[in-house]
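# Report on the structure
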Amino acid sequence: MLQRLFFLLIVRPLVLIVIGLNIRHRERIPLTGPAIVVSNHNSHLDTLVLMTLLPWRLLPRLRPVAAKDYFFRNRLLAWFAVHIMHIIPLEREILDRHQDPFAACSEALQNGDILILFPEGSRGDPEQLSTFKTGIAHLAKRNPDVPITPIFLHGLGKALPKGEAILVPFFCDVFIGDAVRWSGDRGSFMTSLEQEIKTLAEEGYCPAWE
Amino acid sequence: MLSHITPSVLAALGGVLGILVVASLIAALLKRLHPDKNYSELIQRIRSWWIMIGIFSGAILLSRTASILFFAFVSFLALKEYLSLIPTRRADRRVLFWAYAAIPVQYYWVHEQWYGMFIIFIPVYLFLLLPMRMVMIGETKEFLRAAGTLHWGLMTMVFSLSHAAFFLVLDGTHNPAGGGAGLVLYLIFLTQFNDVAQYVWGKLTGRHKIIPKVSPNKTWEGFLGGVGTTTALAVLLAPHLTPLTLVESLGAGLLIALGGFIGDVTISALKRDIGVKDSGSLLPGHGGILDRIDSLTYTAPLLFHYVYYLHY
């Protein structure tokens, strides 16, 4: 309830009016769970935009996978992350080799939820694509039937980059790719996923920002 | 509620509604007569017209303040599309923030009917302020390009367009037939009509390219046909919506037809320079907001100062 209100009154007006989306291939958005959505990551706005892209009825089923150390650093942020954003906290540093860091993710997929994942691991330099971490391959291998939809976002890193508090409006281009599945091999899976996002990035026009 | 609207403005809005209904019927008929042809772009385009005209008419009928807010919002969308399209510098994020902040301020001067401030705020004060803010950040690489493109954007998307809103606050006693809303309607309707007329004349009779390097589909036939039709309509509508005399309305029609054409090809040149076909996808069938308001960036200030000089 609180989540719906927050999205209706704050997130949707922010994303649709202040920012504004140019969406390419809207028909490729997954309409049911379980599913995984992966995208490049440049801004806190990425998660909010991806969550408004998916159908409104699925909102409670959306689970952004987010760094535990970052979002649990104080109680207010932790409350917001858990109760409003419904995140699945992820340990970025593996402490116990016998424990599966993605256990909670697999469990959510079995419940029919939709995971939102940023394989770059952190927001990094604005509007720059960094190497993907292989956690997504691990998750895909465990859940080979789950479709993985790659999405490329452009513009949000300009609107609200890492380390900036003031939002400056820029249109956001959203390129949605065809869903991929586990290929049987980690190396080829990671290459195809990265290639998919790079191809989406080349589809659009991104003005220089230096 | 409707005290700020004269009967002839209401009639003109009704006329626009009638044109839309006819256009929708023709599109439906074409689709039925030629089921094998693809009319989806035409239909999308007309649907977008319904939404744009619906919001515009709603704002005009609601109140003067609502109409001013409408134009402020159009300026915001246009500036955002422009700044998303052009290369900008990372260092200038905060400068861009001040450029956006200028929009509510500029339209506040309009609302307060402060003509002196309205006319110098962007050309003088922001022209001086934004480069100063850039210098304070200290990035000198590409400084000239950044300062120049930002100011061009503000002049085009905010200063020029805000002239359409200033019609609304002009003294109504000078224009008993239409009032402020009448002049706005005259400007917007003739500008958009001129776009359509030039397009249709070009499609039907166009052969000689007028400016092939910038806009290869524009022809002399389309341009002259548009000038003729728009000027005729400008003369017919003037007594109902404006204080212009017969001869003056002839000049207004020429100004809108010529200005509209130049505004259109100016934005075309911008898009060609950047290498995009449409400025965005905000208005299905049209492209982005810049594709729709391109002509208005020239006609709004031109018609405003023409009428202002002659009658206010």
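This text follows the structure it describes.
We now turn to the structure provided with this report. (Residues numbered from 1 in each chain as written. Chains lettered and ligands numbered in written order. Predicted model: local features only at pLDDT ≥ 70, side-chain atom pairs only at ≥ 80, totals over all residues. Heavy atoms only, no water.)

Before going further, it helps to spend a moment on the overall build of chain A. What chain A contains, in helices and strands, is eight helices and seven strands. Over its C-alpha atoms chain A spans a radius of gyration of 16 Å, differing by no more than 12% from the 17 Å that the globule rule assigns to 210 residues. By its C-alpha atoms, chain A is 45 × 40 × 30 Å across when sized along the principal axes. Summarising the internal contacts of chain A: among those between residues at least 6 apart in sequence, 77% fall at separations of at least 24. Summed over all atoms, the accessible surface of chain A reaches about 10200 Å², with 55% contributed by carbon and sulfur. (Helix = DSSP H or I, 4+ residues; strand = E, 2+ residues; numbered from the N terminus. Rg over C-alpha atoms; globule rule 2.2 N^0.38 Å. Contact = heavy atoms within 4.5 Å. Areas by Shrake-Rupley, 256 points an atom, 1.4 Å probe, with all protein chains shown as cover.)

Let us look at the sheet that holds strand 6 (residues 148-154) of chain A. The strands that make up a sheet are held in pairs by hydrogen bonds between backbone atoms, and each pair lies either parallel or antiparallel. Residue and element names in this part refer to chain A. Pairing is mixed in the open sheet, where seven strands are placed in the order 1-7-6-2-5-3-4. Of all the strands in the sheet, the pair left with one neighbour each is strand 1 (21-24) and strand 4 (88-90). This sheet shows a mean twist of 25° between the axes of neighbouring strands, independent of strand direction. One ladder, built from four bridges, connects strand 1 with strand 7 (residues 172-176); its direction is parallel. (Pairing = 2+ DSSP bridges. Axes fitted to C-alpha atoms, helices over the stretch in contact; angles between N-to-C directions.)

Turning our eyes to something else, we now look at the pairing of strand 2 (residues 35-39) of chain A. Residues and elements named next belong to chain A. Of all five residues that make up strand 2, five are buried, and the element is covered over most of its length. Here strand 2 shows no split at all, with Ala35, Val37 and Ser39 on one side and Ile36 and Val38 on the other all buried. In this sheet, strand 5 (residues 114-117) lies alongside strand 2 in parallel orientation, the contact comprising four bridges. Each residue of the ladder has a partner; that of Ile36, found in strand 5, is Leu115. Bridging between strand 2 and strand 6 involves four bridges; their strand directions are parallel. (Buried < 20%, exposed > 50% of the residue type's maximum accessible area, 1.4 Å probe, protein only.)

Here the focus is the interface of chain A and chain B. Taken together, the contact between chain A and chain B spans 23 residues of the former and 24 residues of the latter. Of the roughly 2000 Å² buried at the junction of chain A and chain B (both faces included), carbon and sulfur atoms supply 59%. The three residues of chain A that bury the most area against chain B are Phe171, Tyr205 and Trp209 of chain A, which together make up 30% of that side's buried surface. Across the contact surface, chain A and chain B share two salt bridges. One salt bridge connects Glu164 of chain A with Arg94 of chain B, and the closest N-O pair in it is separated by 3.0 Å. Counting the contacts that link chain A with chain B gives nine residue pairs in polar contact (both at pLDDT 80 or more). Among the secondary structure elements, those contributing two or more residues to the side of chain A that touches chain B are helix 1 (2-19), strand 1 and helix 7 (156-159) of chain A. A total of three residues in the side of chain A that touches chain B trace back to one element, the largest contributor, which is helix 1 of chain A. Classifying every residue of the side of chain A that touches chain B by side-chain character gives 18 nonpolar, two polar and three charged. (Buried area = accessible area lost by both parts, 1.4 Å probe. Salt bridge = Lys/Arg side-chain N within 4 Å of Asp/Glu carboxyl O. Polar contact = N/O pair within 3.5 Å; in protein donor to acceptor, adjacent residues only side chain to side chain. Nonpolar A, V, L, I, M, F, W, Y, C, P; charged D, E, K, R; others polar.)

Before going further, it helps to examine the packing of helix 1 of chain A against helix 3 (residues 64-85) of chain B. The relative placement of two packed helices comes down to the angle between their axes together with the axis-to-axis distance. Put simply, helix 1 of chain A and helix 3 of chain B touch, their axes get as near as 10 Å, and they point 75° apart. Considering their axes alone, helix 1 of chain A and helix 3 of chain B lie roughly perpendicular with respect to each other. Two secondary-structure elements touch here, helix 1 of chain A through Ile17, Val18 and Ile19 of chain A and helix 3 of chain B through Phe73, Phe76 and Lys80 of chain B. For the contact of helix 1 of chain A with helix 3 of chain B, the class distribution of residues is five nonpolar, no polar and one charged. (Parallel < 35°, antiparallel > 145°, perpendicular 65-115°, else oblique.)

Our focus in this paragraph is the packing of aromatic side chains. Tallied over the entire structure, the rule returns 29 aromatic pairs over all chains. Taken together, the ring pairs in this structure connect Tyr115, Phe118, Phe159, Phe166, Phe167, Phe304, Tyr308 and Tyr312 of chain B into an aromatic cluster. Positioned above the aromatic ring of Trp56 of chain A, the side-chain terminus of Arg4 of chain A is 4.9 Å from the ring centre. Just above the ring of Phe171 of chain A sits the side chain of Lys80 of chain B; from NZ or CZ to the centre is 4.4 Å. (Phe/Tyr/Trp six-rings, centres within 6.5 Å; stacked < 30°, edge-to-face > 60°. Lys NZ or Arg CZ within 6 Å of the ring centre and 35° of its normal.)

Below, the discussion takes up the packing of helix 6 (residues 143-166) of chain B against helix 11 (residues 296-311) of chain B. Residues and elements named next belong to chain B. Between helix 6 and helix 11, whose axes approach to 8 Å, the crossing angle comes to 45°. As far as their axial angle goes, helix 11 and helix 6 are oblique. Judged by the twist between their axes, the crossing of helix 6 over helix 11 is left-handed. Here Thr156, Ser160, Leu161, His163, Ala164 and Phe166 of helix 6 lie close against helix 11, whose contacting residues are Leu296, Thr297, Ala300, Pro301, Phe304 and His305. Of the residues in the contact of helix 6 with helix 11, the class split is seven nonpolar, five polar and no charged. (Left-handed = near helix turned anticlockwise from the far one by under 90°.)

It is worth stressing that arrangement in space is one thing and function is another; only the former is reported here.
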